[in-house]
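Residue-level listing of the chains:
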Amino acid sequence: HLDNNGILYLSSVSVSFDGFKAINNLNLIIEPGEMRAIIGPNGAGKTTMMDIITGKTRPDEGDVIFKSKVDLTKYDEVQIANIGIGRKFQKPTVIETLTVFENLEMAMAGRRTVWQSLIHKLSNEDTQKINENLALINLSEDAQRLAGDLSHGQKQWLEIGMLILTEPELLLVDEPAAGMTDEETMKTAELLKEINKTRSVVVVEHDMDFIRALNSKVTVLHEGHVLAEGTLDQVQSNQQVIDVYLGR
Ligand code: ADP
């Protein structure tokens, strides 16, 4: 039994690839309702950490616990998504030949096939949920456009909207600002802050303007473990963090 009520708890987690410790004694607690930004130089272990949380990679050692009780190391990727952990990958996977609305409809239908979800008649409640989602992701005006015609940033928002319709308690987001314009980057920070009002969010990102806009606690990873934690100003003035980023 654990003495904390974190939504996500990693304790002494390690994983090696061919003898190289990509994650090395990693400890991390995300509080319920928290937004957390994860930063760190290339190779720090950020992607591997996300892979461990979502069941894509199994740790060699350590505990990965969801909501103080669920041992995530016992489940696979599909099961972990169903338990309530949504992951947004860097590359959008929206279906370009369907409209924005149809993509959301499909996400809402969950396990139904694309074809089944398109002939399924939406209840008023479902339609309202999708319309609220469209407003959240700033795509109300674009509902009937083909997803393939959206800008890169809009596709990312659509994908986030699709994930939200599966109602995850914890949303993991991999480099959402990559390839976005400055304006899209700031809108994405606002979107994640809005989403964080109802669920916990963990974001991996390199863009410091974006991290600053999130205004959340920051964890710096380095060589597979936590180097520093605090506000962005605190970690940016930490000498060890400065040395790591400058390659000293
Ligand atoms: P980040 O996302 O912070 O850039 P990664 O988690 O991708 O870091 O990688 C951490 C380290 O683990 C890197 O040195 C990387 O080369 C190594 N690594 C990651 N995945 C694998 C794998 N499947 N096989 C071998 N090495 C890997």
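Since we're looking at a predicted model, the values are computed, not measured.

S.K.: What exactly am I supposed to notice about the domain arrangement of the protein chain here?
M.R.: Interface size, as often reported, equals the accessible area lost upon joining of the parts. The domain boundaries assigned to the protein chain delineate domain 1 (1-82 + 216-248) and domain 2 (84-204). Residue-level contacts link 17 residues of domain 1 with 14 residues of domain 2. When contributions to the side of domain 1 that touches domain 2 are tallied by element, the ones reaching two or more residues are strand 3 (35-39), helix 1 (46-53) and helix 2 (77-83).

S.K.: In this structure, what is going on with the pairing of strand 6 (residues 85-88)? I would like to understand it.
M.R.: In the case of a regular strand, side chains alternate between the two sheet surfaces. Of the two faces of strand 6, the one carrying I85 and R87 and the one carrying G86 and K88 are both buried. Pairing of strand 6 with strand 7 (residues 170-174), which is carried by four bridges, proceeds in the parallel orientation. Bridged to K88 within strand 7 is V173.

S.K.: In this structure, what is going on with the site of the ligand? I would like to understand it.
M.R.: The environment of the ligand is made up of F17, A22, G40, N42, G43, A44, G45, K46, T47 and T48. Examining the composition of the shell around the ligand, we find that three residues originate from one element, helix 1, more than from any other. Classifying every residue of the shell around the ligand gives three nonpolar, six polar and one charged.

S.K.: Explain the sheet that holds strand 6 to me, please; I cannot follow it from the model alone.
M.R.: Within a sheet, adjacent strands bond to each other through the backbone by hydrogen bonds, running parallel or antiparallel. Across the sheet, six strands lie side by side as 6-7-8-3-9-10; this open sheet has mixed pairing. Each having just a single partner strand, strand 6 and strand 10 (225-230) make up the two edges of the open sheet. Across the sheet, the axes of successive neighbouring strands diverge by a mean angle of 20°, strand direction being ignored. With four bridges joining them, strand 3 and strand 9 (residues 217-222) adopt parallel strand pairing. Residue pairing for strand 9: A37 is matched across the bridge by V218. Of the strands in this sheet, strand 3, strand 7 and strand 8 (200-204) touch helix 7 (residues 182-195), which is tilted by about 150° from strand 8. Its contacts with the sheet place helix 10 (residues 239-246) against strand 9 and strand 10, and it is angled at close to 125° to strand 10.

S.K.: Quick question: what am I supposed to make of the pairing of strand 2 (residues 20-30) here?
M.R.: For strand 1 (residues 8-17) and strand 2, the ladder comprises seven bridges, and the chain directions are antiparallel. From the neighbouring strand, S16 faces strand 2, where its bridge partner is K21. Taking the residues between adjacent antiparallel strands as the criterion, strand 1 and strand 2 are bridged by two residues, where D18 takes a positive phi near 50°.

S.K.: It is not clear to me how the environment of I130 should be interpreted in this structure. Could you clarify?
M.R.: Looking at where I130 falls in the secondary structure, it is placed in helix 5 (residues 124-136). In this structure, the C-alpha to C-alpha distance between I130 and S151, residues 21 residues apart in sequence, is 20 Å. Contact partners of I130, with chain neighbours within four places excluded, come to F101, L104, E105 and M108.

Quick notes on the rules
Residues numbered from 1 in each chain as written. Predicted model: local features only at pLDDT ≥ 70, side-chain atom pairs only at ≥ 80, totals over all residues. Domains from an automatic or database assignment. Contact = placed C-beta atoms within 7 Å. Helix = DSSP H or I, 4+ residues; strand = E, 2+ residues; numbered from the N terminus. Buried ≥ 20, exposed ≤ 12 C-beta atoms within 10 Å, placed from the backbone. Pairing = 2+ DSSP bridges. Near = placed C-beta within 6 Å. Nonpolar A, V, L, I, M, F, W, Y, C, P; charged D, E, K, R; others polar. Axes fitted to C-alpha atoms, helices over the stretch in contact; angles between N-to-C directions.

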